[in-house]
Amino acid sequence: LTEPLERRTVSIIVSLGTLIEKVGLARLHGSAVDQEEHASAVCGIGVNIRSGLSEHCVISLALPLLRFHEHLDGLKAALLQCRPEFEAVIRG
């Protein structure tokens, strides 16, 4: 990737190095947070799903910035709690 990343919001990551770092952290922690990077006043959290296949799957939630930070820990816990059920269904 040699072209600069598109700036959709003021919070978006446009540095390839920073993006690679954040992807590494998401892999390490099994979750990632979007803080107004895709759209202004909208945040999200996602957790990876291990399908056992070569595909990469994620369960994610998006919600308004106004409610995001106060519920972040609960949202992450809920996604992590339901992850095994999704993995079982995907694996058949």
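Scroll up for the structure.
Residues numbered from 1 in each chain as written. Predicted model: local features only at pLDDT ≥ 70, side-chain atom pairs only at ≥ 80, totals over all residues. Heavy atoms only, no water.

Trainee: Where do I start with the overall build of the protein in this structure?
Mentor: A tally of regular secondary structure across the protein gives two helices and three strands. Counting helices and strands in the order they occur from the N terminus, the protein gives α-β-β-β-α. Principal-axis analysis of the C-alpha atoms places the extent of the protein at approximately 40 × 35 × 20 Å. One finds the centroid of the 9 positive side-chain charges in the protein at a distance of 4 Å from the centroid of its 11 negative side-chain charges. (Helix = DSSP H or I, 4+ residues; strand = E, 2+ residues; numbered from the N terminus. Lys, Arg positive; Asp, Glu negative; His and termini not counted. Charge placed at Lys NZ, Arg CZ, Asp CG, Glu CD.)

Trainee: Could you clarify how one ought to interpret the environment of H56 in this entry?
Mentor: Looking at the secondary structure, you find H56 in the loop between strand 2 (42-49) and strand 3 (57-64). By relative accessible area, H56 is classed as exposed at 78%. (Buried < 20%, exposed > 50% of the residue type's maximum accessible area, 1.4 Å probe, protein only.)

Trainee: What should I look at first to understand a nonpolar patch on the surface in this one?
Mentor: The grouping of L16, L19, I20 and V23 at the surface amounts to a nonpolar patch, some 310 Å² of accessible area in total. Along the polypeptide, V23 turns up in helix 1 (residues 16-29). (Patch = residues over 30% accessible without salt bridge, like charges linked within 9 Å, V, L, I, M, F, W, Y side chains within 5 Å. Areas by Shrake-Rupley, 256 points an atom, 1.4 Å probe, with all protein chains shown as cover. Salt bridge = Lys/Arg side-chain N within 4 Å of Asp/Glu carboxyl O.)

Trainee: Got a minute to help me understand the side chain of E37 in this structure?
Mentor: Examined against the element boundaries, E37 turns out to sit in the loop between strand 1 (31-35) and strand 2. The buried category is assigned to E37, whose relative accessible area is 17%. Filtering out sequence-adjacent residues up to four positions away, E37 remains in contact with R8, T9, S11, I12, I13 and K22. (Contact = heavy atoms within 4.5 Å.)

Trainee: Please clarify how the sheet that holds strand 1 should be interpreted in this entry.
Mentor: Through backbone hydrogen bonds, the strands of a sheet pair up, either in parallel or in antiparallel fashion. The antiparallel open sheet is built from three strands, whose spatial order is 1-2-3. With partners counted over all chains shown, the strands left at the sheet margins are strand 1 and strand 3, one partner each. Sheet twist, expressed as the mean angle between neighbouring strand axes with direction ignored, is 15 degrees. Direction of pairing for strand 1 relative to strand 2: antiparallel, over a ladder of five bridges. Residue A32 lies in a different strand from strand 2, and its bridge partner there is G46. (Pairing = 2+ DSSP bridges. Axes fitted to C-alpha atoms, helices over the stretch in contact; angles between N-to-C directions.)

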